[in-house]
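Residues per chain are reported as follows:
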Amino acid sequence: MQIYAYLTFEGDCEEAMRHYAKVLGGKIVAMRPHEGTPAADYVPPDWRAKILHARLHVGDAVLMASDSPPGMQEKMQGISVALVLEDPDEAERIFNAFAEGGTVTMPLTETFWAKKFGMLTDRFGTPWMINCELPSEAQS
């Protein structure tokens, strides 16, 4: 079994996924718009270029996403995408890249369980938790 995060956006899915691929060093393996699919008939004409399905691979991890049709998007809440890293400098680089234009809810700092931990919501509305675990935490 595998569990993947699936994000929905208000029309900026392509921009968000390209940003995530750049920041995380991943590869977009799918970026399919509504246009050219049976789903195109169920969205307004100006929405057909919006993303029906996107898939980003970052190592063994997968992040999927799409644009919600107009009036269907709900704010992401009660969930965060958690990134677990070993390198504190890399955690800081990613945190700062996602914080640009977003809202930091907990600055990236040392905690009792992590070399660095922070939380933010990026400019696309995605909540992130960046966690650089202590060696003993990573093993449990």
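Above this text is the structure in question.
Along each chain, residues carry numbers from 1 onward, in the same order as the chain's sequence is written. Restriction of local features to residues with pLDDT of at least 70 applies here, the model being predicted, together with a cutoff of 80 or more for giving and counting side-chain atom pairs; totals for whole chains, interfaces and linings are based on all residues. With hydrogens and water set aside, each side-chain value is computed from the structure's full complement of heavy atoms.

Draft legend 1. Structural detail: the packing of helix 1 (residues 13–24) against helix 2 (residues 88–99). Only C-alpha atoms enter the line fits that serve as axes; for helices the fit covers just the stretch in contact. Angles between N-to-C directions range over 0 to 180 degrees. Counting from the N terminus, the helices are the DSSP runs of H or I reaching at least four residues and the strands are the DSSP runs of E reaching at least two. Interhelical geometry of helix 1 versus helix 2 gives an angle of 160° and a closest axis separation of 10 Å. Our classification of the angle between helix 1 and helix 2 gives roughly antiparallel. Crossing geometry of helix 1 relative to helix 2 is assigned as right-handed. Taking contact as the criterion, the partners of His19, Tyr20, Val23 and Leu24 in helix 1 are, on helix 2, Arg93, Ile94, Ala97 and Phe98. Across the contact of helix 1 with helix 2, the residue classes tally to six nonpolar, one polar and one charged. Any angle that falls under 35 degrees is termed roughly parallel, while one over 145 is termed roughly antiparallel, one within 65 to 115 roughly perpendicular, and all others oblique. Crossing handedness is read from the near helix: turned anticlockwise from the far helix by less than a right angle, it gives a left-handed crossing, and turned clockwise, a right-handed one. Residue contacts are counted whenever heavy atoms from the two residues lie within 4.5 Å of one another. Note on residue categories: nonpolar means Ala, Val, Leu, Ile, Met, Phe, Trp, Tyr, Cys or Pro, charged means Asp, Glu, Lys or Arg, and polar means any other residue, Gly included.

Draft legend 2. Looking closely at helix 2. One fewer than the residue count of a helix, multiplied by 1.5 Å, yields its expected span. Here helix 2 is twelve residues long and its end C-alpha atoms lie 16 Å apart, about the 16 Å a rise of 1.5 Å per residue gives. Buried residues are those whose accessible area, probed at 1.4 Å on protein chains only, stays under 20% of the maximum for their type, while exposed residues exceed 50% and partly exposed ones sit between those limits. Turning to helix 2, its buried residues are Ala91, Ile94, Phe95, Ala97, Phe98 and Ala99. Looking at the packing, one finds that the buried side of helix 2 touches helix 1, strand 5 (81–85), strand 6 (103–109), strand 7 (114–121) and strand 8 (127–133). If you check the start of helix 2, you find a side-chain oxygen 3.0 Å away from the backbone N of aspartate 89, and it comes from aspartate 87. Any pair of nitrogen or oxygen atoms within 3.5 Å is treated as a polar contact; in protein, a donor-acceptor pairing is required on top of that, and neighbouring residues in sequence qualify only through side-chain atoms on both sides.

Draft legend 3. Quick look at the pairing of strand 7. Note: two strands are recorded as paired if DSSP finds a minimum of 2 bridges between them. As judged from the four bridges shared by strand 6 and strand 7, these two strands associate in the antiparallel manner. Of the residues in strand 7, the one forming a bridge with methionine 106 is methionine 119. What sits between the antiparallel neighbours strand 6 and strand 7 is a turn of four residues. Sheet topology places strand 7 next to strand 8; seven bridges connect them, and they run antiparallel. Considered in strand 8, the bridge of leucine 120 is made with tryptophan 128. Counting the residues between successive antiparallel strands, the hairpin from strand 7 to strand 8 contains five residues, one of them, glycine 125, with a positive phi of roughly 95°.

Draft legend 4. Seen up close, the pattern of salt bridges. Salt bridge, as applied in this entry: a Lys or Arg side-chain nitrogen positioned within 4 Å of an Asp or Glu carboxyl oxygen. A full pass over the atoms with the stated rule returns four salt bridges. With a closest N to O distance of 3.7 Å, glutamate 15 and arginine 123 form a salt bridge. With glutamate 15 in helix 1 and arginine 123 in the loop between strand 7 and strand 8, this pair connects stretches of sequence that are 108 residues apart. Of the residues examined, arginine 123 reaches a relative accessible area of 39% and is grouped as partly exposed. Residues lysine 116 and glutamate 92 are paired through a salt bridge, measuring 2.5 Å at the closest nitrogen-oxygen approach. With lysine 116 in strand 7 and glutamate 92 in helix 2, this pair connects stretches of sequence that are 24 residues apart. For glutamate 92, a relative accessible area of 32% translates into the label partly exposed.

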